[in-house]
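Observations on the three-dimensional arrangement
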Amino acid sequence: MKKRLVVFILGTFLAVSGVPAVSAAASEEGIMPESLHNLQKTMKGNADVRDGAVDSDMPVYNSDIDSQQLQDRQEGDIQDGIQDSRSDVADGIQDSRSDVTDGIQDSRSDVADGIRDSTSDVTDGSQDGRFDGTDGSQDSVANGTDGSQDSAANGSEGSQDNSNGGQGGEPDPVEPVHRNEFVTTEAGTVYYDSEGNLVKGKRKIDQYTYFFGENGIMQKGWCTCGQDTCYFDENGHMLTGAQKIDGQRYLFNKDGSAYAGWRTKGGKKYYYDSTGCMSVGSKKIGESLYYFKKNGVMHKGGFYKSGKKRYYADKKGRLTTGSKKIGKYWYYFDKETGAMAKGLVKRGKSTYGYDSRGRRLKGAKKINGKWYYFEKNGKRATSKTGIRAIKILDKRGWNLKAAFRYSAGLPYRWTSATAAPGTDWFADYGFRNRCGDCYVMAGTFCYLARTLGYKAYQVDGYVPSRRGGSTPHSWVEIVMNGGTYVFDPDFSHETGRSGYMIWYRKPGTWVYTNYRRIQ
């Protein structure tokens, strides 16, 4: 393209100078009118040079000038004409360069490079002509013609190239580097789809489903996919069905979301939390507690032992909590876990006792090598009277005979004529003062017997008096071995005979009449 433009410009110049013209060829290349106008100006300049050269051949010379001087002057005029022609040609080329640049709208550097090449060709041709003399002028014109043709050709091609490249004003699209491909980066693994786009979110690739974050990085482990909780293994594969993760069992739906809630399989019930984790052990669901075995199966109906703990569930699998009477015995189950209580259990401000099978204790019981006294409701005695009773038993022995001997051995002191004060008062009085009458003796023994766990009652009645008639008296009844037996510490104290475990109307004992149990 560059060469064609130069050929056209210099061809026009040579046409004016008498060399065969190339304007028709240049016209076919589509040079714009303004460029032709500038070239016409250049042509006119060349004509002036030529006319100057003709005029220089016909000056008026003095007769004194010889022929040699005339020849030298003519050659000088010719050289001046060539120099002027060179300047006009350069100016014409510069104008044509500007017109071509404006005409092709934001053309690239190719046109400018082509014009600079054509200018270099013209200059080289002109210089060669100067050294060759008059004949060299014609050679420089010929060389200029060739340069003009090359420049015109290059200019035309550059215009076409720039015209095509300028359409739309945008560069050619860049072909994506990756398609349908995993790529490992410093931040992690990414994936590009068939169009070369970075994939984000949940996407199934081949037979596996993956999840890509907002930055396109492939996720692993637990992920929140919309409103679902899913898990992706170390390869980024989404898990489905029954799975074991970090030692725990999980269940996922086909879409990868965690299965949550109750599930019945083979007549057995299982429960999965919001993350799809299968429940094991005690679990609170709604308002009720349930117990699930190691294999996840819900326990129902009766006691269940797991390690050192015991649970009790109804037919629907609901665990019992708090105090519960099962059969003949009372039990207590933790309100948070449902585990059955054993030993001493603090509930509120009181302490209760339960044996190794969870049954509630009453009376005197030995726990971890130490004796305690528990009331009928299982509450451990915390009164001063109860504590004194425990201390006495600790010293005298934790058995019924030892308790009887203690009460029968108290020094006698009249205390009360009626049973109105009550058993606890009589017992406390005797424990503190270590003496008393029949009411005190009966009261201390009754209290110690209860502490030992016996079903004992203090009785108020009458026995024969030494002076005749009857006198108020108190003794103890204990229901044991299928019958009711009489224990009378004061009888032993007064007579020296055994008042231990006797019965009414036994020969050699007192006759007990008009008696009643003290409530």
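Residues numbered from 1 in each chain as written. Predicted model: local features only at pLDDT ≥ 70, side-chain atom pairs only at ≥ 80, totals over all residues. Heavy atoms only, no water.

1. Re the overall build of the protein chain
- Secondary structure summary: the protein chain contains 11 helices and 24 strands in total.
- Put simply, the protein chain has 519 residues, and 42% of those count as buried.
- Residue pairs in contact within the protein chain that sit at least 24 positions apart in sequence constitute 47% of those at least 6 positions apart.
- For the protein chain, the accessible area works out to roughly 29700 Å², and carbon and sulfur atoms hold 45% of it. (Helix = DSSP H or I, 4+ residues; strand = E, 2+ residues; numbered from the N terminus. Buried < 20%, exposed > 50% of the residue type's maximum accessible area, 1.4 Å probe, protein only. Contact = heavy atoms within 4.5 Å. Areas by Shrake-Rupley, 256 points an atom, 1.4 Å probe, with all protein chains shown as cover.)

2. Regarding the nonpolar core
- By size, the foremost hydrophobic cluster in this structure holds 35 residues, and its most contacted members are Phe431, Phe445, Leu448, Val476, Ile478 and Phe487.
- Broken down by secondary-structure element, the contributors of at least two residues to this core are helix 7 (384–396), helix 8 (400–408), helix 9 (423–433), helix 10 (438–451) and strand 22 (470–480).
- Examining the composition of this core, we find that 9 residues originate from one element, helix 10, more than from any other.
- If near-sequence neighbours (up to four positions away) are discounted, Ile478 is found in contact with Leu400, Phe445, Ala449, Tyr454, Lys455, Ala456, Gly483, Thr484, Tyr485 and Phe487. (Core = buried A, V, L, I, M, F, W, Y, C linked by side-chain atoms within 4.5 Å.)

3. What about the pattern of salt bridges?
- Applying the stated criterion across every chain, the model contains 7 salt bridges.
- Among the salt bridges present, the one from Arg517 reaches Glu477, with a minimum N-O distance of 2.7 Å. Placement of Arg517 in strand 24 (residues 513–517) and of Glu477 in strand 22 is noted, with a sequence separation of 40 residues between them.
- You can call Arg517 partly exposed: its relative accessible area is 32%.
- Relative accessible area serves as the criterion here: at 6%, Glu477 is assigned to the buried category.
- Here the residues in one salt-bridge network are Arg388, Asp428 and Arg432, joined through shared partners. (Salt bridge = Lys/Arg side-chain N within 4 Å of Asp/Glu carboxyl O.)

4. Focus: a positive patch on the surface
- Where like charges cluster on the molecular surface, the positive patch consists of Lys362, Lys365, Lys376 and Lys455.
- You can see Lys362 is positioned in the loop between strand 18 (350–354) and strand 19 (363–367). (Patch = residues over 30% accessible without salt bridge, like charges linked within 9 Å, V, L, I, M, F, W, Y side chains within 5 Å. Lys, Arg positive; Asp, Glu negative; His and termini not counted. Charge placed at Lys NZ, Arg CZ, Asp CG, Glu CD.)

5. Notes on the side chain of Ser257
- With respect to the helices, strands and loops of the structure, Ser257 is situated in the loop between strand 8 (248–252) and strand 9 (261–265).
- Among the residues examined, Ser257 registers a relative accessible area of 7% and is labelled buried.

6. Description of the packing of aromatic side chains
- Applying the stated criterion across every chain yields a total of 33 aromatic pairs.
- Here the aromatic rings of Trp475 and Tyr515 are separated by 5.7 Å at their centres, their planes lie at 70°, and the arrangement is edge-to-face. Of this pair, Trp475 sits in strand 22 while Tyr515 sits in strand 24; the two residues are 40 residues apart in sequence, bridging distant segments of the chain.
- For Tyr515, a relative accessible area of 36% puts it in the partly exposed group.
- With 4.7 Å between their ring centres and 5° between their planes, Tyr504 and Tyr515 make a pair best called stacked. With a gap of 11 residues between them, Tyr504 in the loop between helix 11 (489–495) and strand 24 and Tyr515 in strand 24 connect regions that are remote in the sequence.
- Counting every residue linked through ring pairs, the aromatic cluster contains Phe182, Tyr191, Tyr210 and Phe212. (Phe/Tyr/Trp six-rings, centres within 6.5 Å; stacked < 30°, edge-to-face > 60°.)

7. So, the side chain of Asp460
- With respect to the helices and strands, the residue Asp460 is situated in strand 21 (residues 456–464).
- Only 3.1 Å separates the side chain of Asp460 from the side chain of Tyr439, close enough to count as a polar contact. (Polar contact = N/O pair within 3.5 Å; in protein donor to acceptor, adjacent residues only side chain to side chain.)

8. Looking at the packing of helix 7 against helix 9
- In the contact formed by helix 7 and helix 9, the axes pass within 10 Å of each other and the chain directions differ by 50°. Between helix 7 and helix 9, the angle is such that the two are oblique. The handedness of the crossing between helix 7 and helix 9 is left-handed. Where helix 7 abuts helix 9, its residues Thr385, Arg388, Ala389 and Ile392 lie against Asp424, Ala427, Asp428, Phe431 and Arg432.
- Grouping the amino acids of the contact of helix 7 with helix 9 by side-chain chemistry returns 4 nonpolar, 1 polar and 4 charged. (Axes fitted to C-alpha atoms, helices over the stretch in contact; angles between N-to-C directions. Parallel < 35°, antiparallel > 145°, perpendicular 65-115°, else oblique. Left-handed = near helix turned anticlockwise from the far one by under 90°. Nonpolar A, V, L, I, M, F, W, Y, C, P; charged D, E, K, R; others polar.)

9. As for unusual backbone geometry
- Even without being glycine, Asp206 reaches a positive phi, approximately 60°.
- Along the polypeptide, Asp206 turns up in the loop between strand 3 (201–205) and strand 4 (208–212).
- Here Asp246, not a glycine, exhibits a phi torsion of approximately 50°, which is positive.
- In this fold, Asp246 is placed in the loop between strand 7 (241–245) and strand 8.

10. Overview of the environment of Glu287
- In this structure, Glu287 sits in the loop between strand 11 (281–285) and strand 12 (288–292).
- Here Glu287 falls in the exposed class, since its relative accessible area comes to 74%.
- Expressed as a C-alpha distance, the spacing of Glu287 and Arg318, which sit 31 residues apart in the sequence, is 9.8 Å.

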